[in-house]
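Observations on chain architecture
The primary structure of each chain is shown beneath.
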Amino acid sequence: MSDVTAGLPADFFWGVATSAYQIEGAYDEDGRTLSIWDTFSRRPGAVANGENGDVACDHYHRMPSDVAMIARLGVDKYRFSVSWPRVQPGGRGPVNAKGMDFYSRLVDELLEKGVDPWLTLYHWDLPQELEDAGGWPHRDTAYRFAEFAGVVHDALGDRVPTWTTLNEPWCSAMLGYDTGRHAPGRKNFGEAMRATHHLLLAHGLAVQELRARGVASLGITLNMGTHSPASDDPRDVDAARRADGFGTRIYMDPLVHGRYPEDVLVDIAARGAEIPVRSGDLEIISTPIDVVGVNYYTSHVHKATDDAGASEVVSQGRPVTAMGWEIVPEGFTALLLRLQQDYGVPMVITENGAAFDDLDVEDGFVADVDRVEYLRSHVAAVAAAVRGGADVRGYLAWSLMDNFEWGYGYDKRFGIVRVDYVTQERTLKQSAQWYRELIAQARR
Ligand code: IFM
């Protein structure tokens, strides 16, 4: 096992991650209003089996025992997100004290058990009222987000050391407003581009708000992978360039270099859309951050399907997870080295993990050997990147427990802890036991 972590610094940290809508449930309790996911999941056909996050893992009611379970894993950090409509119903105005009290108690429980809280402000659950007012394509949403950041900081800023603004803005913008596979389910490329910019603006405004309040560890989390051409045919090369442009550079370039990539702006214009940049926006967006959160699951190979720029992702012949995502650990190493070289911001792995069709609990045991192997190979890939010069400070596994996997409902299980959705019983899988042992050994 020690080979897996060879080269990681002594202060490298370990953790687990979740998000509010995926685990909390209690969707209409204590003053919470609806989010876009509450609405979207009720749309026929939007989510597998017509499922939703009404109950999810019932974490809202089971939080103390869930925190005790987190502590038993021996992790340093727990990354969670705050449900915006729970703490600021409707997305504007005063705090909902009951909703905020949940997070205050969560933070206290974590600190009491020696686990550092890592707070993500936005993991996709926009208050429905803000969507009705225009959602992320509407510029005002960015200012509402900065206000929300301040509201949360008023309550938790004295105890939470690390703040992430957004989780995976690519998913919010592209799946939410272009393909319509995620809430709010709109299908309009131009709106997706407006959403992209306003998400980045929201991030920058929130960073400025939180920095002014003295937060020392601030960042954003992006989902990224490598994008390679299927051949040296210039059309395949261009397909890979475009995918990298829309997946990575459209975020990282403005965040770190204060400009959108020229080639991506050309691609956007060719589709009759634009990024609605106003004077001063890029200075706000590139306000310095302390860490980039990297969420890695897979990497892609692209093949052109016509001469007009259409392309598809082609198989690399690798084993796949239950999501159908190819398992490409060396893509993780390559991605981290590339991010180090092109951007040079300290990184933390804020998500990495896999869904598999786990065997049911037998004698209190779930033998999820595929997940153990996935995690082992990906932690090793991070260590290889660190040995190669990437400044990666920690690793947070996705996910603490099985949960609501968005459009896939509860069918796809990413947890290292199994959740029985009938009884809400939690069972540590083999991967949780492996992870606990890995962390213990890495510390020796
Ligand atoms: O479950 C999601 C999470 O909410 C965001 N990152 C990817 C995970 C797996 O799909």
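Heads up: the structure comes first, above all this text.
Figured I'd write up the structure that's included with this text. (Residues numbered from 1 in each chain as written. Predicted model: local features only at pLDDT ≥ 70, side-chain atom pairs only at ≥ 80, totals over all residues. Heavy atoms only, no water.)

A few words now on the sheet that holds strand S11 (residues 392–398). Taken in spatial order, the 8 strands close into a barrel running S1-S2-S3-S4-S5-S7-S10-S11, and their pairing is parallel. Adjacent strand axes in the sheet meet at a mean angle of 25°, parallel and antiparallel pairs treated alike. As judged from the 4 bridges shared by strand S3 (residues 116–122) and strand S4 (residues 162–167), these two strands associate in the parallel manner. When the sheet's bridge partners are listed, Thr120 is paired in S4 with Thr164. Contacting strand S5 (217–223) and strand S7 (291–296), helix H10 (residues 234–257) crosses the sheet at an angle of about 160° to S5. Across the sheet, helix H13 (residues 329–342) touches S7, strand S10 (347–352) and S11, and the angle it forms with S7 is around 160°. (Pairing = 2+ DSSP bridges. Helix = DSSP H or I, 4+ residues; strand = E, 2+ residues; numbered from the N terminus. Axes fitted to C-alpha atoms, helices over the stretch in contact; angles between N-to-C directions. Contact = heavy atoms within 4.5 Å.)

Residues Ala183 and Pro184 are joined by a peptide bond in cis, for which omega reads 5°. Tracing the chain through its elements places Pro184 in the loop between helix H8 (169–177) and helix H9 (189–212). With an omega of 10°, the peptide bond between Trp398 and Ser399 qualifies as cis. Mapped onto the elements of the fold, Ser399 is located in the loop between S11 and strand S12 (417–419).

Read from one edge to the other, the open sheet built from 3 strands follows the order S6-S8-S9, with strand pairing classed as mixed. Two strands in the sheet have a free side with no partner beyond their single neighbour: strand S6 (227–229) and strand S9 (311–314). Averaged over all pairs of adjacent strands, the angle between their axes in this sheet comes to 40°, without regard to strand direction. Pairing between S6 and strand S8 (residues 300–304): 3 bridges, direction parallel. Considered in S8, the bridge of Pro229 is made with His302.

Running from N to C, H10 and helix H11 (residues 262–270) cross one another at 110°; their axes reach a closest spacing of 10 Å. Overall, the two elements H10 and H11 adopt an arrangement that is roughly perpendicular. Facing H10, whose interface residues are Arg241, Arg242, Gly245, Phe246, Arg249 and Ile250, H11 presents Asp263, Val264, Asp267 and Ile268. Broken down by class, the residue content of the contact of H10 with H11 amounts to 4 nonpolar, 1 polar and 5 charged. (Parallel < 35°, antiparallel > 145°, perpendicular 65-115°, else oblique. Nonpolar A, V, L, I, M, F, W, Y, C, P; charged D, E, K, R; others polar.)

Glancing now at H9. In this model H9 runs 35 Å from its N-terminal to its C-terminal C-alpha over 24 residues, within 8% of the 34 Å that 1.5 Å per residue would give. Of all 24 residues in H9, 17 are buried; the element is thus mostly enclosed. Capping of H9 at its N-terminal end is provided by Asn188; its side-chain oxygen lies 3.0 Å from the backbone amide nitrogen of Gly190. Downstream of H9 by one or two residues, Gly214 has phi in the positive range, about 95°. (Expected span 1.5 Å × (residues − 1). Buried < 20%, exposed > 50% of the residue type's maximum accessible area, 1.4 Å probe, protein only. Polar contact = N/O pair within 3.5 Å; in protein donor to acceptor, adjacent residues only side chain to side chain.)

Attention now moves to the environment of Pro184. A residue is classified by how much of its surface remains accessible, and Pro184, at 10% relative accessible area, is buried. Placed 44 residues apart in sequence, Pro184 and Ser228 show a C-alpha to C-alpha distance of 31 Å. Discounting residues that sit within four places of it in the chain, Pro184 has contacts with Ile36, Phe40, Arg43, Glu131, Gly176 and Tyr177.

Considering the arrangement of structural elements, one finds Thr162 in strand S4. Accessibility expressed as a relative area gives 7% for Thr162, which makes it buried.

Around the ligand lies a shell formed by Gln22, His123, Trp124, Asn167, Glu168, Tyr297, Trp325, Glu351, Trp398, Glu405, Trp406 and Phe414. Here His123 contributes a side-chain N or O atom positioned 2.8 Å from an oxygen atom of the ligand. A distance of 2.8 Å is found between an oxygen atom of the ligand and a side-chain nitrogen or oxygen belonging to Trp406. For the ligand, the accessible surface in isolation is 280 Å², of which the surrounding protein chains cover 95%. (Near = heavy atom within 4 Å. Areas by Shrake-Rupley, 256 points an atom, 1.4 Å probe, with all protein chains shown as cover.)

With that settled, the discussion passes to the packing of H9 against H10. Look at H9 against H10: their axes get within 11 Å of each other, and the N-to-C directions meet at 40°. Between H9 and H10 the crossing geometry is right-handed. Residues Phe189, Met193, Thr196, Leu200 and His203 of H9 lie in contact with H10, whose contacting residues are Phe246, Ile250, Tyr251, Pro254 and Leu255. Residues of the contact of H9 with H10, tallied by class, amount to 8 nonpolar, 2 polar and no charged. (Left-handed = near helix turned anticlockwise from the far one by under 90°.)

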